[in-house]
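Take a look at the letters that make up each chain.
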Amino acid sequence: MLRNKLSKIGAKVLAMLFFFGGLAILSGRAVRWTFLAPLKRGRVLEQARKAGVDSLPIVALISLFIGVIFTFQIAYLMQRLGSEMYIATIVALSLVRELGPVITALIVAGRVGAAITAEIGSMQVTEQIDALQTLSVSPIRYLVVPRLIALALMLPLLTLYADIIGIFGGYLICVYKLGISSTIYTKMTFDALLFKDLFTGLGKTIVFGMVIALVSCYEGFNVQGGSEGVGRATMKAVVTSFILIIATDCFSTALFYFIFP
Amino acid sequence: MIEIKKLHKSFGGRKVLDGVDLQIPEGRTLVIIGRSGCGKSVLLKHIIGLLKPDSGGVFVDGVDISRLKEEELERVRRSIEMVFQSGALFDSLTVGENVGFRYLEHGGMEKSALKERVRESLALVGLYSIEGMLPSELSGGMKKRVAVARAICTRPRIILYDEPTTGVDPITADSINRLMRSLHDKLKVTSIVVTHDMKSAYSVADRIAMLYEGRIIAEGTPAEIQHSVDPVVQQFINGLSTGPITDTSSVHSGAK
Ligand SMILES: Nc1ncnc2c1ncn2[C@@H]1O[C@H](COP(=O)(O)OP(=O)(O)O)[C@@H](O)[C@H]1O
Ligand SMILES: [Mg+2]
């Protein structure tokens, strides 16, 4: 009984080590290919369009909602404390430093990461990955590198866009619902934001983008067992990306807290 | 000349190849027959270096390709092409881009020359003016032909075919058999064909080898295989549902 449990835990730990080992190897190779081989611009641009431009509507919709919801919740607290003045400050800081980056990353992991795993996974089960290799084309160079670069570039841009729309959502509530003047809201927002807020907020999304690309590609390459396997891998890629994004965020927030006090 | 020596391969403790020995002389066609799941694709993937053996080796012109580094392997692969069971056409690319893929990625041929080469390769498999179509618009038989066209586009010395006639109608199957024979005659390629279609095997083979329980249990000319006294071979080539392969109580000499 106990032995059984222990061996199950052991297997889980082993699987986790195996996963991180595999991910590390893939990352190493992807970085190597990024600098080793001349980049095909068209392929990166196509991925940037799929990951970035095509995500604009959903990112806009969700960040507008988040901006509105968050502002209401903050307003509730601030009105009790009698300091409505500071609603704009809190909304701006929380959105730019935390909510914008994480929510955008989670949206992209669900939308773009899942698509990457499904695409590479079906290429794996239909032997297209093998075919690439027999034609002397590295699947890492052909498939991983363009997605890695595209996501590392597009996630900060999408986040900036999400920040702006979220703050605009807050503006709508404050100005049209709570009667705070437009000038004050704008002034409080810009006064609150320091360069380092924007820098740390956007900086970490580069890492999130890389995490999404690498995890999604890794799960795609490791699909086993036909289309059912593709489904399972896609689910795994999204869950793993979520966990790693939150973990990376926790780590980087703590780090930045000490570096830029 | 391809030599396979004492090839062993297991997946997660399950033996798939258990000491395969084979030789394919230059310019000949060897057909490997065996039941589904007996490891035919695994064997082919070792010959082109997609899988690494647990032990043993695959020698192409005396070089053990299972020991080569990735860069050296790429050089060898320039003269070996493989036609995958499902075709494995890249579905985001057009037929023309699929066929000329190697040159498009690595250069080495001018645009107009490549266009001509792609046209010529498609013509060899009996397809005309379909360069602009997408794989999803093709029938199963056409996909297989395009896959063959992609394999011959670089004029390789060795072509590996994984079940080229599986899943197509008998008429298309016959035309694929003719195609393999004529490519062999025209381009003088060494071919290895994996199949469980005996008609196809007799039609294209110089020699036939049977893979059973991880080993080659019989090897010879089509006539020799046809007259083999091995009951396992007889059951397989005659497609009988009763016999030593399906009878679990008897244990074949090659079995583990
Ligand atoms: N990459 C792999 N990982 C684990 N098992 C594999 C792998 N490739 C093939 N196998 C197993 O090896 C056996 C032989 O497969 P295969 O060579 O595809 O058979 P076939 O003779 O039908 O082509 C099958 O049982 C398959 O499950
Ligand atoms: Mg097979």
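Above this text sits the structure in question.
(A) Spotlight on the interface of chain A and chain B. In this complex, chain A contributes 16 residues to the contact, which on the side of chain B involves 23 residues. Of the roughly 1700 Å² buried between chain A and chain B, counting both surfaces, carbon and sulfur atoms make up 50%. The interface formed by chain A and chain B contains 4 salt bridges. The shortest N-O distance in the salt bridge between Lys45 of chain B and Glu127 of chain A comes to 3.3 Å. Here chain A and chain B share 12 residue pairs in polar contact (both at pLDDT 80 or more) between them. Within the residue set of the side of chain A that touches chain B, elements represented by two or more residues are α5 (128-134) and α6 (139-176) of chain A. If one sorts the elements of the side of chain A that touches chain B by residue count, α5 of chain A sits on top with 6 residues.

(B) Geometry of α6 of chain A. Residues and elements named next belong to chain A. Between its first and last C-alpha atoms α6 spans 53 Å; for 38 residues at 1.5 Å apiece the expected length is 56 Å, and the two agree. Along α6, the largest kink reaches about 30 degrees and is centred on Val145; proline Pro146 follows within four residues of it. For α6, the tally of buried residues reaches 29 of 38 residues, placing the bulk of the element in the interior. For α6, the capping residue at the N-terminal end is Ser138, with a side-chain oxygen 3.1 Å from the backbone nitrogen of Ile140.

(C) Highlighting the site of ligand 1. Residue and element names in this part refer to chain B. Taken together, the neighbourhood of ligand 1 is formed by Phe11, Arg14, Val16, Arg35, Ser36, Gly37, Cys38, Gly39, Lys40, Ser41 and Val42. In the environment of ligand 1, an oxygen atom lies 3.3 Å from a nitrogen or oxygen atom belonging to the backbone of Cys38. Measuring from an oxygen atom of ligand 1, one finds a backbone N or O atom of Val42 at 2.9 Å. Compared with its free state, where it exposes 560 Å², ligand 1 has 62% of that area covered by protein. Those elements giving two or more residues to the shell around ligand 1 turn out to be β2 (14-24) and α1 (40-47). No other element matches α1, which puts 3 residues into the shell around ligand 1.

Definitions and limits used
- Residues numbered from 1 in each chain as written.
- Chains lettered and ligands numbered in written order.
- Predicted model: local features only at pLDDT ≥ 70, side-chain atom pairs only at ≥ 80, totals over all residues.
- Heavy atoms only, no water.
- Contact = heavy atoms within 4.5 Å.
- Buried area = accessible area lost by both parts, 1.4 Å probe.
- Salt bridge = Lys/Arg side-chain N within 4 Å of Asp/Glu carboxyl O.
- Polar contact = N/O pair within 3.5 Å; in protein donor to acceptor, adjacent residues only side chain to side chain.
- Helix = DSSP H or I, 4+ residues; strand = E, 2+ residues; numbered from the N terminus.
- Expected span 1.5 Å × (residues − 1).
- Bend = angle between axes of the 7 residues up to and from the residue.
- Buried < 20%, exposed > 50% of the residue type's maximum accessible area, 1.4 Å probe, protein only.
- Near = heavy atom within 4 Å.
- Areas by Shrake-Rupley, 256 points an atom, 1.4 Å probe, with all protein chains shown as cover.

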